[in-house]
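# A structural walkthrough
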Amino acid sequence: MMEQAFFLILATLAVGAALSVIIQRSPLYSAFSLIGVFACLAGTYIMLKAQFLGAIQMIVYAGAIMVLFVFVIMLLNIRKEETALDKYRYLWLLSIPFAATLIVEVLYTILKVTSDFTSLPEMAKRPEVGDSQSIGYGLYTGYLMPFELTSILILLAIVGSVILARREKD
Amino acid sequence: MVPLSWYLALSAVLFTIGAVGVFVKRNVISIFMCIELMLNAVNLTLIAFSSFYREVSGQLFVFIVMTVAAAEAGVGLALVIAVFRNRESLNTDDINLLKL
Amino acid sequence: MIFFLQEQIPLPNPPISSAPPVQVNAILTDINPIVNYLPILLLLIIAISFPVVALNISSFLRRTVFDQAKLSAYECGNDPVGDARERYSVRYYIIAMLFLIFDVETVFLFPWAIIYDQLAIFGLIEIFIFIGILIVGYYYAWRKGALEWV
């Protein structure tokens, strides 16, 4: 009961912050709203017993990725989206049926498909997952190849962004 | 105990908001942020299933997705800077040529 | 939630030969590990409410009359020139990007360090491959002068 109330509070905050992301005209306010969404999602991760990922969500997403976004917004000195965009007002009108279709479709699927498999007896016998130990066992034994490939991805990201962001002159 | 469908519904709502944001926003950085929002909605789904099935693979997917999101943000924002340097604009309608 | 509150109450006169009170803690966390995060939630609530309360109280107490002398720079402070939101140098971006990348790398080391003793030499080899590939990127950024502040 307490957990459900807490989930509802977190979900309301997350949806409100997410709406704020797309309603704000200034990208800086959008970025700070997005940090709110990430914090609320970290709370839901912890409620799902994915404690490690909840911490990583705060460290990587809210702590590093959003810092990068805010840096770029300040770097380019963007105040607002240009006001000449009012000719795209029709996109807002178009987006409402689009969003309604998407949400009805997904919610219908969720309500139809989700069965109560969590009360199966063999499910209760399995150990809980989500602490850093279980993540480590999964990542460094079964998923070793993706882990090593991740380092190549990160290497490419370093090289790509250093090349793209440097000025040609110096 | 919060049922699984609640998490999925929250994820669906967040994903829809992100998709609408990509649809209506005209600023490259705002579109980027909406994409991050959609990635996070999918992450929530993966973690919810992983936690209810007690199977660690879903959380490892999320781990990899976060890494990919970090790499994507690094390279994508560098692209934004490079485009802005040449075009002096972040509007997606001004960025309509493949060459810078 | 109630279990968590009960845990805080000190037991009167613990019997000598009974089980140690550490087991009570273990049982409580076995029920739901989320209970351990309640102090963080409390800290969050306090941290959010403190600035809100403090700012509101001071706005109730202070006089809201602003005149020329009050709005000017204090004593030997300079008058502000220009806008606070200047454009930043692109060097900040490269530093922030390198921070992000190596932040992610560090995150990968946490679960490895926890099960280091079970993985033994195998874990050492795989983490050396991982870090070795990343050091190539670090070396590249170094040679390209991304770390120099000119």
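Before going into details, it helps to say that this report is about the structure given with it. All of these numbers come straight from a predicted model, not from anything done at the bench.

### Observations regarding the interface of chain A and chain C
On the side of chain C, 38 residues touch chain A, which itself brings 39 residues to the contact. Class assignment of the residues belonging to the side of chain A that touches chain C gives a composition of 29 nonpolar, 7 polar and 3 charged.

### Regarding the interface of chain A and chain B
Facing the 73 residues of chain A at the interface are 62 residues of chain B. The set of elements that each furnish at least two residues to the side of chain A that touches chain B consists of α1 (2-23), α2 (27-47), α3 (51-76), α4 (89-113), α6 (132-142) and α7 (144-165) of chain A. Of the residues belonging to the side of chain A that touches chain B, the class tally is 55 nonpolar, 12 polar and 6 charged.

### Details of helix α6 (residues 116-143) of chain C
The terminal C-alpha atoms of α6 of chain C, which comprises 28 residues, lie only 33 Å apart, well short of the 40 Å expected from a rise of 1.5 Å per residue. Its axis deflected by about 70 degrees at F122 of chain C, α6 of chain C carries its strongest bend there. In the core, the buried residues of α6 of chain C are packed alongside α7 of chain A together with α5 (90-114) of chain C. G145 of chain C occupies a position one or two residues after α6 of chain C and carries a positive phi of about 80 degrees.

### Considerations on α5 of chain C
Taking 1.5 Å of rise per residue, 25 residues should cover 36 Å, and α5 of chain C covers 38 Å from first to last C-alpha, within 8% of that figure. For α5 of chain C, the set of buried residues is Y93, I94, A96, M97, L98, L100, I101, V104, F108, P111 and W112 of chain C.

### Describing the packing of α1 of chain A against helix α1 (residues 4-24) of chain B
Viewed as axis vectors pointing N to C, α1 of chain A and α1 of chain B meet at an angle of 5 degrees, and their least axial separation amounts to 9 Å. Looking at the two axes, α1 of chain A sits roughly parallel to α1 of chain B. Along its contact with α1 of chain A, which presents F7, A11, A14, V15, A18, L19, V21 and I22 of chain A, the element α1 of chain B presents W6, L10, V13, L14, I17, V20, G21 and V24 of chain B. Residue composition of the contact of α1 of chain A with α1 of chain B, grouped by class: 15 nonpolar, 1 polar and no charged.

Criteria and thresholds
Residues numbered from 1 in each chain as written. Chains lettered and ligands numbered in written order. Predicted model: local features only at pLDDT ≥ 70, side-chain atom pairs only at ≥ 80, totals over all residues. Contact = placed C-beta atoms within 7 Å. Nonpolar A, V, L, I, M, F, W, Y, C, P; charged D, E, K, R; others polar. Helix = DSSP H or I, 4+ residues; strand = E, 2+ residues; numbered from the N terminus. Expected span 1.5 Å × (residues − 1). Bend = angle between axes of the 7 residues up to and from the residue. Buried ≥ 20, exposed ≤ 12 C-beta atoms within 10 Å, placed from the backbone. Axes fitted to C-alpha atoms, helices over the stretch in contact; angles between N-to-C directions. Parallel < 35°, antiparallel > 145°, perpendicular 65-115°, else oblique.

None of this, on its own, says anything about what the molecule does.
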